[in-house]
There are 2 protein chains.
Amino acid sequence: MDIELYMQRLGRQARAASRALAAASTHVKNTALLAMAAEIRRSRDDLLTANDRDLDEARAAGLDAALIDRLTLSAKGIEAMASGLEQVAALPDPVGEISDLKRRPSGIQVGKMRVPLGVIGIIYEARPNVTADAAALCLKSGNAAILRGGKEALHSNQAIAACVRAGLATAGLPETSVQVVETTDRAAVGRLITMPEFVDVIVPRGGKGLIERISREARVPVIKHLDGNCHVYVDSDADPAKVVPIVENAKTQRYGTCNTTESLLLAESVAAHFLPDIGHMLVKHGVEMRTCPTAGALLRDAGIPASLLTAAVEADWSEEYLAPIISIKVVADLDEAIAHINTFSSGHTEAIITENYTRALRFLREVDSASVMINASTRFADGFEYGLGAEIGISTDKIHARGPVGLEGLTSQKWIVLGNGETRA
Amino acid sequence: MDIELYMQRLGRQARAASRALAAASTHVKNTALLAMAAEIRRSRDDLLTANDRDLDEARAAGLDAALIDRLTLSAKGIEAMASGLEQVAALPDPVGEISDLKRRPSGIQVGKMRVPLGVIGIIYEARPNVTADAAALCLKSGNAAILRGGKEALHSNQAIAACVRAGLATAGLPETSVQVVETTDRAAVGRLITMPEFVDVIVPRGGKGLIERISREARVPVIKHLDGNCHVYVDSDADPAKVVPIVENAKTQRYGTCNTTESLLLAESVAAHFLPDIGHMLVKHGVEMRTCPTAGALLRDAGIPASLLTAAVEADWSEEYLAPIISIKVVADLDEAIAHINTFSSGHTEAIITENYTRALRFLREVDSASVMINASTRFADGFEYGLGAEIGISTDKIHARGPVGLEGLTSQKWIVLGNGETRA
């Protein structure tokens, strides 16, 4: 296969399809989504067969259990995919929304209209359900999609793509609105991320290594999610009733998610008051504490076992553990807390626990992260919790989309001018 | 000079200053802007002397008259710079604006806060006034700036930068909030656009060659303006009273601006009706017409001199003439007009002239350009005409800022969560 010609063909077809999608009515797009869901339910056995083929090959290749787990499609997973498509159909259509229409002294009315980005390239690893999710979000937001999943999931992805195409055809939309790259050649990714004439934005979903490589090599904007080194800062005016519950939820509810807190900061004046309870709560969950000398001494004095106490090294302050480990630092005050966060955070999500109005607002304004919270668990940083209805990812970039990215993040706003024959003086 | 160490130092200082700027009040930022304006007026003679030095060197180097013209600072130009700073001070501060705050079922309130991008790198050519303009827009939007002007303007830029620093000092802001790159080594640009750890976005201002090179090599997002190949489409239901005035204004008011119309499309059913009047108007302005065969025949029949009529070649449909030349094509209908524009336009600005409601709305929605207009001249696509108060450039990108970019385009929105001790279920 000539990768160059193949990718150019996909790109050209996607660009052409994107014109039809941008003009498609909400009804037509929803018809396609519901037809895809029906087709996925109807094709359950075919999907399971295709997935078995991928699983056999993965096992034969000796791939690890975690990957096999991500690769596996169950009957329940297939139903979840179908109902996910129906949920996207139920979301409001962001396309065409007009805002800020104002009359100018010249007589023209100027405003903005929300429009699709055009063509979105999604690069992901061995989770076949991403194929249906990503197709749905791109379609609903009026964008054509080129999907490049992990090579381990190729047969599953092709089977899902067939259902997606059937749904598109039912609604009278071009089948090239959603295309799955049908080669496992890595050169296809290299080409996908360097075709600005055909692809408007790349959304990589996967490990940090994948995302860093794509960002480095892309010639197209990338909506990317790197790591989540989230912080909770316990201020000198923290409400005692809120401290342990928030820290417990933020750190221990799930260890492997990007919005899990990895680092705890406490104001010097209240560290001795709060650290013992926090420490005992963390011990209960078996969480290792990597501490600054002051926090370490306070926790030792509170009887925290030495087996869970380690002196933090510089690298701990920037680490995303994704594990039952937390770094703990006592800081002088809010200024030091903000400076520490703005230096070491990955810019994902940070929370302050305080009853002090001025410090709460300063934290909100001065912390330079995608989500900044007052008196709430960092675990809330999520498209569903924020009410986006769906999420294509969480962006740690500042340009375009920041934080959880829903349908709106897959659109842009163009200017519109409503005139009555005006000319410029 | 070690460019690597020098640029890293500028970057580190800018990042540190950006923290102070993000936290600075509107009053402090405006104080700095007004102090800069006063300092520029006070330093008029120094600025003229520095500019003379640049002009002497430019003349000695045999640079062309157009460049010398752009490089020249007059007393009037200095006054315009100062009053430009005062105008930016008078604009509303975009930073800190909270929007869309909604309560979620979990109890948290989720919304967005507008915040600075951080550090902005501006790369421009030999126009010294850009130094003051760009510094003002970055400062007002709470961003630190690293400015790299054309080497021909180095002394002028340094003199302006001294006034900017004096203004910053008056307001108690770090003088490193605005830094001018003080080396003419081209490697400095190469480094500026590849330091994502220190620079959040690059705004290049200059010719297409400069912008293409920067976009190709940047490792940082670029807000860029490529060419403006703008269209006017005269629909079958165009109001005859609006056609000639809009086309005349859009094409002939100024030839060298990016929002000037370069290509005229007419619906087949009205081409014979409108082309003679349009042609005679264009003849009056000495505008050369590059036409499709149908338009050419109609214009010849209307008595347009052969000296101003040329058969268009394929390249004409994508050309930004920036000159008294226009390409003219007769199309079957709205569908062909939209398809033609979406194929050949640079995505800057397009207008339809029509009284038909449905076709007007279809044009508005389906034309994929930064500005789309109904019954108005493309010349309105401009930050001042749109009410932005100031403009750092016009973006032909779709991601982040599209079309005229004002203060808002130099900010992003982060998520904020106002909680009361909520934890995630």
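The preceding data block contains the structure.
My aim in this report is to walk through the structure given alongside it, one point at a time. This is a predicted model, so every value here is computed, not measured.

A few words on the relation of the copies chain B and chain A. In summary, the two copies of the chain are related to each other by a rotation about an axis coupled with a shift along it. With an RMSD of 0.0 Å, the fit of chain B onto chain A corresponds to turning through 180° and sliding 0.0 Å along the axis. With respect to symmetry, the two chain copies, as superposed, fit the operation of a two-fold axis. Residue H400 of chain B, judged by its C-alpha, is the member of chain B lying nearest the rotation axis, at 2.0 Å. Comparing contact sets, 100% of the residues at the interface of chain B also lie at the interface in chain A, consistent with an isologous, same-surface contact.

Right, let's get into the environment of R165 of chain B. Residue and element names in this part refer to chain B. Here R165 shows up in helix α7 (residues 154-170). Since 22 C-beta atoms lie within 10 Å of it, R165 is described here as buried. Along the backbone, R165 and L67 are 98 residues apart, and their C-alpha atoms lie at a distance of 27 Å.

With that out of the way, let us pick up unusual backbone geometry. Residues and elements named next belong to chain A. Of note, L322 is a non-glycine position whose phi angle comes to about 50°, a positive value. Locating L322 in the fold gives a position in the loop between β10 (309-311) and β11 (325-331). Unlike most non-glycine residues, N375 shows phi in positive territory, near 50°. Mapped onto the secondary structure, N375 falls in strand β13 (residues 371-376). On the neighbour-count criterion, N375 (23 C-beta atoms within 10 Å) is buried.

Below, the discussion takes up the pairing of strand β12 (residues 349-353) of chain B. Residues and elements named next belong to chain B. A large share of β12 lies buried, amounting to five of its five residues. Every second residue of β12 is oriented toward a common face, with T349, A351 and I353 on one face and E350 and I352 on the other, all of them buried. Alignment of strand β7 (residues 230-234) against β12, held across four bridges, turns out to be parallel. Within β12, the position partnered with H231 by the bridge is E350. Pairing geometry for β12 and strand β13 (residues 371-376), over four bridges, is parallel. By the bridge assignment, T349 is partnered in β13 with S371. A crossover links β12 with its parallel partner β13, the connecting element being helix α14 (residues 357-366), and its sense is right-handed.

Bringing α7 of chain B into the picture now. Residues and elements named next belong to chain B. The end-to-end C-alpha distance of α7, which contains 17 residues, comes to 24 Å, matching closely the 24 Å that a straight helix rising 1.5 Å per residue would cover. Along α7, the residues that are buried comprise L154, S156, N157, A159, I160, A161, C163, V164, R165, G167 and L168. Of the surrounding secondary structure, the elements contacted by the buried residues of α7 are α2 (26-42), α3 (44-60), α6 (129-140) and β5 (178-180). Residue G172 follows α7 closely and has a positive phi angle near 75°.

This paragraph deals with the pairing of strand β2 (residues 109-116) of chain A. All names here are of chain A. As judged from the four bridges shared by strand β1 (residues 98-103) and β2, these two strands associate in the antiparallel manner. Following the sheet pairing, S99 is matched in β2 by K112. Bridge analysis of β2 against strand β16 (residues 411-422) gives eight bridges, and the strand direction is antiparallel. Bridge assignment links Q109 to a residue of β16, and that residue is L418.

So, on to the environment of G303 of chain B. Looking at the element boundaries, G303 of chain B is found in the loop between α12 (293-301) and β10 (309-311). Taking the C-alpha atoms as reference, G303 of chain B lies 8.1 Å from P276 of chain B; in sequence the two are 27 residues apart.

A separate point is the interface of chain B and chain A. At the junction of the two partners, chain B supplies 59 residues and chain A supplies 59 residues. Elements with a minimum of two residues in the side of chain B that touches chain A: α1 (3-23), β2 (109-116), α10 (240-252), α14, β13 and β16 (411-422) of chain B. Looking at side-chain class alone, the side of chain B that touches chain A contains 24 nonpolar, 19 polar and 16 charged residues. The sheet contact formed by β13 of chain A and β16 of chain B spans five bridges and is parallel. Across the sheet, V372 of chain A pairs through a bridge with I416 of chain B, a residue of β16 of chain B.

Reading the values: the criteria
- Residues numbered from 1 in each chain as written.
- Chains lettered and ligands numbered in written order.
- Predicted model: local features only at pLDDT ≥ 70, side-chain atom pairs only at ≥ 80, totals over all residues.
- Least-squares fit on C-alpha atoms with pLDDT ≥ 70 in both.
- Contact = placed C-beta atoms within 7 Å.
- Helix = DSSP H or I, 4+ residues; strand = E, 2+ residues; numbered from the N terminus.
- Buried ≥ 20, exposed ≤ 12 C-beta atoms within 10 Å, placed from the backbone.
- Pairing = 2+ DSSP bridges.
- Right-handed = clockwise from strand over helix to strand, strands pointing away.
- Expected span 1.5 Å × (residues − 1).
- Nonpolar A, V, L, I, M, F, W, Y, C, P; charged D, E, K, R; others polar.

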